[in-house]
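Residues per chain are reported as follows:
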Amino acid sequence: MTLHEYSYKRDFTKTPEPPGTVERGTGDPVFVVQEHHSRHRHFDFRLEHEGVLVSWAVPKGVPELPGNKHLAVRTEDHPLAYADFEGSIPEGEYGAGEVEIWDKGTFNLMNWEEDRIEVVLQGNRLSGRYILVRFKRAGENEWLLFKAKG
Ligand code: MN
């Protein structure tokens, strides 16, 4: 895992976001959902995996109940430190706008495959079994995110 794309897109003399450092996580893996008030308001869902936060932009947010499948577009991996990031990305910088943590917690990893990821989230707002599956018909980076029944 590298954070080259993350670092390439950002000027760390201008943005308050953390630098692109890969680090070994300690303890249970973390997840975070950030509400991002950029040009198109969306939510970012991130899961710790192999020293980075694997990330998706979820326009409609993470479903809180089973039944709805929400589009999740894979974006560049982020550093683990990003799970604590809240703040204002300045105008003119990549992702300009406010970032707020909507939920954060840990998860149990059930399955991590190229096309399918299954986790059990333990957050304040989100809990339970969530599944991400590649949605190849829609595009290379498109996934579907939904809460499993039971
Ligand atoms: Mn975003």
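Just so we're clear, the structure is a prediction, and the values are computed from it rather than from any experiment.

**Student:** Honestly, the environment of I117 in this entry has me stumped. Any pointers?
**Tutor:** Within the secondary structure layout, I117 lies in strand β7 (residues 116-123). The class of I117 is buried, set by a relative accessible area of 2%.

**Student:** What is the right way to look at the coordination of the manganese ion in this model?
**Tutor:** Note on metal sites: the ideal angle is 109.5 degrees for four tetrahedral donors, and 90 or 180 degrees for six octahedral donors. At this site the manganese ion is bound by H36 (ND1), H42 (NE2) and D44 (OD), with donor distances of 2.1 to 2.3 Å. Mapped onto the sequence, the residues coordinating the manganese ion show the spacing H-x5-H-x1-D. This pair shows no difference in class: H36 is buried, exactly as H42 is.

**Student:** Honestly, the pairing of strand β1 (residues 30-37) in this entry has me stumped. Any pointers?
**Tutor:** Along any regular strand, the residues point their side chains to alternate faces of the sheet. Most of β1 is tucked away, with seven of its eight residues classed as buried. As paired elements, β1 and strand β2 (residues 42-49) share six bridges and run antiparallel to each other. For Q34, the partnering residue across the bridge sits in β2 and is D44. Where β1 hands over to β2, the hairpin turn is made up of four residues, counted between the paired strands.

**Student:** What am I meant to see in the nonpolar core here?
**Tutor:** Grouped burial of nonpolar side chains is what soluble globular proteins tend to show. Counting 32 residues, the largest nonpolar core has F45, L47, W56, L121 and L132 as the members making the most contacts within it. When contributions to this core are tallied by element, the ones reaching two or more residues are β1, β2, β3 (52-58), β6 (97-112), β7, β8 (127-134) and β9 (142-147). At five residues, β3 tops the list of elements feeding residues into this core. Setting aside residues up to four positions removed in sequence, L47 forms contacts with V30, F31, V52, L53, V54, W56, F107, W112, I117, V119, L121 and L132.

**Student:** What is the right way to read the pattern of salt bridges from this model?
**Tutor:** It is possible for side chains bearing opposite charge to pair when their charged atoms get close. Under the defined criterion, the tally for this structure stands at 14 salt bridges. In this structure, R134 and D115 form a salt bridge, with 3.4 Å as the shortest nitrogen-oxygen distance. Remark: D115 occurs in the loop between β6 and β7 and R134 occurs in strand β8; sequence separation between them is 19 residues. The class of D115 is partly exposed, set by a relative accessible area of 33%. One salt bridge in this structure joins R134 and E140, with 3.5 Å as the shortest N-O distance. Judged by its relative accessible area of 18%, R134 falls in the buried class. On the accessibility criterion, E140 (60% relative accessible area) is exposed. Residues participating in the shared-partner salt-bridge network are E5, K9, R10, E17 and E76.

**Student:** Whenever I open this one, the packing of aromatic side chains confuses me. Can you help?
**Tutor:** Geometry of an aromatic ring pair is reported as the spacing of the ring centres plus the angle between the planes. For the coordinates displayed, the defined rule picks out seven aromatic pairs. Ring plane angle 35° and centroid distance 6.2 Å describe the contact between F45 and W56, whose orientation is recorded as tilted. Highlighted residues: F45 in strand β2 and W56 in strand β3, separated in sequence by eleven residues. Here F45 matches W56 in class, with each residue buried. Aromatic pair W56 and W143: ring centres 5.6 Å apart, planes at 80°, arrangement edge-to-face. A residue pair is termed long-range when its members are at least 10 positions apart, and W56 in strand β3 and W143 in strand β9 qualify at 87 residues. The pair W56 / W143 is uniform in exposure class, with both members buried. Cluster of aromatic residues (ring-pair linked, three or more members): Y6, F12, Y82 and F85.

The rules we used
Residues numbered from 1 in each chain as written. Predicted model: local features only at pLDDT ≥ 70, side-chain atom pairs only at ≥ 80, totals over all residues. Heavy atoms only, no water. Helix = DSSP H or I, 4+ residues; strand = E, 2+ residues; numbered from the N terminus. Buried < 20%, exposed > 50% of the residue type's maximum accessible area, 1.4 Å probe, protein only. Donors = N, O, S within 2.8 Å, 3.2 Å for Na, K, Ca; no water. Pairing = 2+ DSSP bridges. Core = buried A, V, L, I, M, F, W, Y, C linked by side-chain atoms within 4.5 Å. Contact = heavy atoms within 4.5 Å. Salt bridge = Lys/Arg side-chain N within 4 Å of Asp/Glu carboxyl O. Phe/Tyr/Trp six-rings, centres within 6.5 Å; stacked < 30°, edge-to-face > 60°.

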